[in-house]
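Understanding the architecture of this molecule
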Amino acid sequence: MKARYVREQKTICGQEYMEVDLLNVSPAEHRASVRAKKQFASSLAMKRCNDRNALRKLRWKVSENFTERKKKTWLVHLTYSDDFLPEYDEDAQKALTNYIERLNRRQRQKYKEAMAKDHHNPGGVLCKVKYIAVTEYQHADEEKGLKEVRYHHHMILECDLSIDKIKDLWVTRCGKGWVEPLGLVKADRAEFDKGGLDAYCEYITKYEGKRTHKWRQSKGLRMPTQPRPNDTRYTPRKLAEAATLYIDDKKFWEDRYGVLKLGHGEVRQYAFVGAEPRFNEVTAEWHVIARFWADPRRQETKKAVHRWE
């Protein structure tokens, strides 16, 4: 009988969020190098849930780079009035680029002021804004039954600017010393839920693959950490039990992943958020994605062995 292996792949996003993939791999994939295993585990996880590919990658990136603790993250929605509605995608991208440049100019002023007061920058004022943005639109097509969706932008924005300044900078210059608003701006304080912005990520990706989306992000955003995968912890039978009998069992999952040893005396404690089982009827294989949150208020420093489990 052909040997079967189950891969356990952790994806650690920042200090508060973690996902664990449990999925079947072939003997050849099991024998691959450590680097190839890590690369394959990530790509395989994406391929097997292709319908949610964009959502999952976005959720990882948001959890890795944005946090509620700073109180600086905003959810921004930018629209256009009839007078300034872009005709082409290049016009919309240019308008968004100009907006980001204005934000960065104001942010650099904030940074210089903070450094002048104290060069240690105790408030952690950013030198430039940090963001993930998407331009969304759809051209009308009667043959395909598509209605027009006007150009608009969604942003996850981290900065030290006030909400008024964020709104006031969505303008265009109409002459010397004269500017006009490009359209309406909606900006709300980001409300994180267990280390992420899942509801907002789902909202801005719900038409992925149906409407046109153009993504962009600030330089320097980090990718999540994926430790060395483990192919020996689970058997196909144990994976099937986890996907059926224990899928909602908080104790089952926290006993296995509730404590993560990071080294140098640091131990991160995770709480189980939920798990999603997926069954491939063609290959008769399970794929489980378990999600965990490390509440920053409940973290303690403990002695630990310097290695990933």
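Rules behind the numbers
Residues numbered from 1 in each chain as written. Predicted model: local features only at pLDDT ≥ 70, side-chain atom pairs only at ≥ 80, totals over all residues. Heavy atoms only, no water. Patch = residues over 30% accessible without salt bridge, like charges linked within 9 Å, V, L, I, M, F, W, Y side chains within 5 Å. Areas by Shrake-Rupley, 256 points an atom, 1.4 Å probe, with all protein chains shown as cover. Salt bridge = Lys/Arg side-chain N within 4 Å of Asp/Glu carboxyl O. Lys, Arg positive; Asp, Glu negative; His and termini not counted. Charge placed at Lys NZ, Arg CZ, Asp CG, Glu CD. Helix = DSSP H or I, 4+ residues; strand = E, 2+ residues; numbered from the N terminus. Buried < 20%, exposed > 50% of the residue type's maximum accessible area, 1.4 Å probe, protein only. Polar contact = N/O pair within 3.5 Å; in protein donor to acceptor, adjacent residues only side chain to side chain. Pairing = 2+ DSSP bridges. Axes fitted to C-alpha atoms, helices over the stretch in contact; angles between N-to-C directions. Contact = heavy atoms within 4.5 Å. Core = buried A, V, L, I, M, F, W, Y, C linked by side-chain atoms within 4.5 Å. Parallel < 35°, antiparallel > 145°, perpendicular 65-115°, else oblique. Left-handed = near helix turned anticlockwise from the far one by under 90°. Nonpolar A, V, L, I, M, F, W, Y, C, P; charged D, E, K, R; others polar. Phe/Tyr/Trp six-rings, centres within 6.5 Å; stacked < 30°, edge-to-face > 60°. Lys NZ or Arg CZ within 6 Å of the ring centre and 35° of its normal.

1. A few points about a positive patch on the surface
- A cluster of basic residues, Arg-105, Arg-108, Lys-112, Lys-128, Arg-173 and Lys-219, forms a positive patch on the protein surface.
- A per-element tally of the positive patch places helix H4 (residues 89-117) first, with 3 residues.
- Along the chain, Arg-173 turns up in strand E6 (residues 171-175).
- On the basis of relative accessible area, Arg-173 is assigned to the exposed category, the value being 60%.

2. Focus: the side chain of Arg-56
- One can find Arg-56 in helix H3 (residues 53-65).
- Polar contacts involving the side chain of Arg-56 include one to the side chain of Glu-19, which spans 2.9 Å.

3. Brief notes about the sheet that holds strand E5 (residues 149-158)
- Read from one edge of the open sheet, 5 strands run E8-E3-E5-E4-E9, paired in antiparallel fashion. Looking at which strands have only one partner, the edges of the open sheet turn out to be strand E8 (185-189) and strand E9 (212-217). Here the strands of the sheet are splayed against their neighbours by 15° on average, with no regard to which way each runs.
- Looking at chain direction, strand E4 (residues 130-138) and E5 are connected through 8 bridges and run antiparallel. For Lys-130, the partnering residue across the bridge sits in E5 and is Glu-158.
- Along the sheet face, H3 touches E4, E5 and E9 and points at about 155° away from the line of E4.
- Packed onto the sheet, helix H6 (residues 198-205) meets strand E3 (73-78), E4, E5 and E9 and runs at close to 155° relative to E5.

4. Section: the nonpolar core
- By size, the foremost hydrophobic cluster in this structure holds 25 residues, and its most contacted members are Val-76, Leu-78, Tyr-99, Met-155, Leu-157, Ile-166 and Trp-170.
- Counting only elements with at least two residues in this core, the list comes to E3, H4, E4, E5 and E8.
- When residues of this core are assigned to their parent elements, the largest contribution, 6 residues, is made by H4.
- With residues near it in sequence (within four places) discarded, Val-76 still touches Tyr-99, His-153, His-154, Met-155, Leu-157, Ile-166, Val-185, Lys-186, Ala-187 and Tyr-200.
- Grouped together as the second largest cluster of nonpolar side chains are 22 residues, Ile-12, Met-18, Trp-253 and Phe-272 included.

5. What to know about the packing of H3 against H6
- For the pair H3 and H6, interaxial distance at closest approach is 10 Å and the crossing angle is 140°. What the angle tells us is that H3 and H6 run oblique. Judged by the twist between their axes, the crossing of H3 over H6 is right-handed. Of the residues in H6, those in contact with Leu-55, Leu-58, Arg-59 and Val-62 of H3 are Asp-198, Cys-201, Glu-202, Ile-204 and Thr-205.
- Looking at the contact of H3 with H6 residue by residue, the classes come out as 5 nonpolar, 1 polar and 3 charged.

6. Section: the packing of aromatic side chains
- Counted under the stated rule, the structure contains 11 aromatic pairs.
- An angle of 65° between the planes, with centres 5.3 Å apart, marks the rings of Tyr-80 and Trp-170 as edge-to-face. One end of the pair, Tyr-80, is in the loop between E3 and H4; the other, Trp-170, is in the loop between helix H5 (163-168) and E6, with 90 residues separating them in the sequence. Trp-170 shares its class with Tyr-80; the two are buried.
- Judged by centre distance (6.2 Å) and plane angle (45°), the ring pair of Tyr-200 and Tyr-203 falls under tilted. Of this pair, Tyr-200 and Tyr-203 both sit in helix H6, 3 residues apart, which is roughly one turn of that helix.
- By way of ring pairs, the aromatic residues Tyr-246, Phe-252, Trp-253, Tyr-257, Phe-272 and Phe-292 are connected into one cluster.
- Here the basic side chain of Arg-211 rests over the ring of Tyr-207, its NZ or CZ set 3.6 Å away from the ring centre.

7. A few points about the sheet that holds strand E1 (residues 5-13)
- The antiparallel open sheet is built from 5 strands, whose spatial order is E10-E1-E2-E14-E13. In this open sheet, the two edge strands, each paired with only one partner strand, are strand E10 (230-234) and strand E13 (271-280). The average angle at which neighbouring strand axes cross in this sheet is 30°, direction not considered.
- Direction of pairing for E13 relative to strand E14 (residues 285-293): antiparallel, over a ladder of 9 bridges. Note that in E14 the partner of Gly-274 across the bridge is Arg-291.
- Against the sheet, H3 engages E1, strand E2 (17-25) and E14, with an angle of about 145° to E2.
- The strands touched by helix H8 (residues 250-257) within the sheet are E1, E2, E10, E13 and E14, with E13 carrying the most contacts at an inclination of about 105°.

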